[in-house]
Structures are given as C-alpha cells and as structure tokens.
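Listed below are the residues making up each chain.
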Amino acid sequence: MKKNFIICLLFLVSEFGFCQAPHITEQLTFNTIRIETDKFVGTGFFFNFKVEKDSTKYISVIITNKHVVNGAKKIFLYFRKSINGNPENGNASIFEIPNSNQTVIQHPNANTDLVAIPIGQILQQIQKNNVSFYTVGFSENEIPTDDFQKKEFKTFEEIFMIGYPNGLWDKTNNMPIVRRGITATPSYLDYNGKKEFLIDIAAFGGSSGSPIFQYNDSGYIDKRGTAKFGSSRLFLLGILYAGPLYTVDGEVIKSIPGLSSEKVKSEVPMNLGYVIKSSEILEFKKILK
C-alpha cells in the first residue's frame, strides 16, 4: 500500500471538506480525542463511514468504549481547533454533550464494549460560530479482513497505540501519548472465540478506547519473507478496552517500635491488553444509515 494513498484516505476531515495533510504520524496523533465524564477519563478516535459507495459524503463519528461513557450524565470532548484548514497546537476546545440515545449510539451487540458518537451536528453547530475543529478520521479502507491478515500478517506484528493512559497528556499542546508493542495473539484469530485479540503493551485506565494500528513507514517484510523497501502500510486493527491484572500479596512494615505490620494486596498490570477487532466498528453503519 503506497504512503500517498494512505495519506489521501486519512486526511478526509469530514463531510464538509478537505485540509492540507500534515505528515502521517501527525495525522495519527490528531486522530484521537480526549474524553472526560464525571466518572472517567478515556480515549476516542475519529472514524468516517462512507454514505454510499460512490459518494463523497461521510458520516463522521467518535469511537470509544461503552464503559468510558455509560452511567455518566455529561460527556466532554476535547477537540482541536482548525485555523485556515490546518491544525492548531494549543489548549483544547471542550465541547459538552449530554449522554443520551440521541448523542451516543450503543453497539448492537450488548457484549461488545463500543459506542459511536456522531459529530456531524457538532461540526455544523460550531461552524455557525465561525469556529472549525480539526479531525482526522480512519475510514473503512483501513480495516483489514481476517482473511487478508492471515495471508499478509505474521503471527506477531509491531503495533502502536495512541491515547491518554491514566489521563496523562500534553495539555499545553493538546497531544496524546503514543505507545508501541506487538500483537500477543494473532490479530486474524478470534481469541477464545471472541472478535478480539491480545497485545503486549502497557495498558492503563484512560487508554480505554485507544486505536490499535499497524504502521510501517519506510518498508517491511511480509509473511512470505519478501522485503518491501520504501513501501508503507497502515491498518486499523482494533480498539483497546481492557487489560488483565494479577494480585500480589505483600506486607507493610512499620518502622516505629510497637506497631505491627499489615497484610496488603495490590493489583499489578500484566502489560497485556484486550483489543476488540476493528471489523466490529462496521456494525454501526447499519444503525447510522
């Protein structure tokens, strides 16, 4: 897959038009959005559904996990402003929406931890105030099928995750945190019979809803051992939703004479993450249409 082709796919801003595309690594960081509620901090990312096969119109949404927003009264979305079609680095523009069936669409499978937040009305509303938001959305073209992955992907591949682990971010520049890891189970297989796979990466609260993608910038070696020098490829593999923990028994030692020690238990991350396959995003298209 050619780099220029990827960039053209990614720099679709919304159904309202185009912008001058920054480097693809910048686009990938601009793809995420910080989400806060009265209960949780999480990650979302922009995704564009094509309305019709040959249409130039898109339905733009934010994808995140159900548990990020469910139970909250209000949702705060940290957008990036656009100046003359280019991204503005600086404090986020916070847009508040109510948490309702009109603003948040639940995944049709009750056991799939995903929601979609349509942003078309938000973009229209802020445009009336002569303000523009800069959004970079993945498209359906970046979602690989299991059959394609089985033919092209190795058992373990390098992956990237962008989000807000434990709420950590560059507030001054409204920038997320980038992490790197590998697939811990093949992304083309259904882990324990579910539409998900595992990744070997440090996963913390706040990263929920982060996009997991495979990106090779200047070359890669395919499953057949063929070196693709100078070629680039980008695929949206899935969405992080959880990470396993293990319990450690310990003891707090008191240094003051006469005080006894205390038994404690703590939960420690295993540096693994559960990822919902990106193909599950396509289930929203039936509802959005």
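Note that this is a predicted model, so its numbers are computed, not measured.

A word on the overall build of the protein chain
Scanning the protein chain from N- to C-terminus turns up 6 helices and 22 strands. Within the protein chain, residue pairs in contact and separated by at least 24 positions form 68% of the contacts whose partners lie at least 6 positions apart. When the accessible surface of the protein chain is summed, it comes to about 14,600 Å², and 50% of that surface belongs to carbon and sulfur atoms.

Quick notes on the side chain of N65
Examined against the element boundaries, N65 turns out to sit in the loop between β5 (58–64) and α3 (66–69). When its relative accessible area of 0% is taken as the criterion, N65 is described as buried. Beyond its immediate stretch of four places on either side in the chain, N65 contacts D113, L114, V115, S208, G209, I239, L240, Y241 and I276.

Let's talk about the confidence of the model for the protein chain
With 85% of its residues at a pLDDT of 70 or more, the protein chain shows a mean pLDDT of 87. Between residues 1–19, whose pLDDT stays under 50, and residues either more than four places distant or in other chains, the model counts 54 contacts.

A look at the packing of aromatic side chains
Summed over all chains, the structure comprises 14 aromatic pairs. Both rings, one in F79 and one in F133, keep their centres 4.4 Å apart while their planes meet at 10°; by these two values the pair is stacked. Of this pair, F79 sits in strand β6 (residues 74–79) while F133 is found in the loop between α4 (120–127) and β12 (138–139), placing the two residues 54 residues apart along the sequence. With respect to burial, F79 and F133 carry one shared label: buried. Seen from their ring centres, F148 and F235 are 5.4 Å apart, and the 55° between their planes marks the pair as tilted. Highlighted residues: F148 in helix α5 (residues 146–152) and F235 in strand β19 (residues 233–242), separated in sequence by 87 residues. Relative accessible area serves as the criterion here: at 34%, F148 is assigned to the partly exposed category. According to the relative accessible area criterion, F235 is buried, its value standing at 6%. An aromatic cluster of at least three residues, connected via ring pairs, comprises F45, F138, F160 and F213. Looking at R34, its charged tip hangs above the ring of Y78, at a distance of 5.9 Å from the centre.

As for the environment of K289
With respect to the element layout, K289 can be found in the segment after α6 (283–288). Overall, K289 belongs to the exposed group, its relative accessible area being 62%. Measuring from C-alpha to C-alpha, the distance between K289 and V51 comes to 7.4 Å, with 238 residues separating the pair along the chain. Not counting residues within four places of it along the chain, the set of residues in contact with K289 comprises V51 and E52.

Here's the deal with unusual backbone geometry
Here N84, not a glycine, exhibits a phi torsion of approximately 55°, which is positive. Among the structural elements, N84 can be located in the loop between β7 (82–83) and β8 (86–87). At N130, a residue that is not glycine, the phi angle is positive and equals roughly 60°. Along the chain, N130 falls in the loop between α4 and β12. Look at N130 and you get exposed, because its relative accessible area is 74%.

Some thoughts on the layout of surface pockets
By volume, the largest pocket amounts to about 240 Å³. Lining the largest pocket are 14 residues, and of these Q102, T103, P118, Q121 and I122 sit closest to its centre. Contributing elements (two or more residues each) for the lining of the largest pocket: β5, β9 (93–98), β11 (115–118) and α4. The element best represented in the lining of the largest pocket is α4, accounting for 4 residues. Per-class residue counts for the lining of the largest pocket are 6 nonpolar, 6 polar and 2 charged.

About the cut-offs
Residues numbered from 1 in each chain as written. Predicted model: local features only at pLDDT ≥ 70, side-chain atom pairs only at ≥ 80, totals over all residues. Heavy atoms only, no water. Helix = DSSP H or I, 4+ residues; strand = E, 2+ residues; numbered from the N terminus. Contact = heavy atoms within 4.5 Å. Areas by Shrake-Rupley, 256 points an atom, 1.4 Å probe, with all protein chains shown as cover. Buried < 20%, exposed > 50% of the residue type's maximum accessible area, 1.4 Å probe, protein only. pLDDT = per-residue confidence, 0-100. Phe/Tyr/Trp six-rings, centres within 6.5 Å; stacked < 30°, edge-to-face > 60°. Lys NZ or Arg CZ within 6 Å of the ring centre and 35° of its normal. 1 Å grid on protein atoms, 1.4 Å probe; cavity = no way out; pocket = protein on both sides within 12 Å on 5 of 7 lines; lining within 4 Å. Points joined across faces, edges and corners; volume = space filled by probe spheres on them. Nonpolar A, V, L, I, M, F, W, Y, C, P; charged D, E, K, R; others polar.

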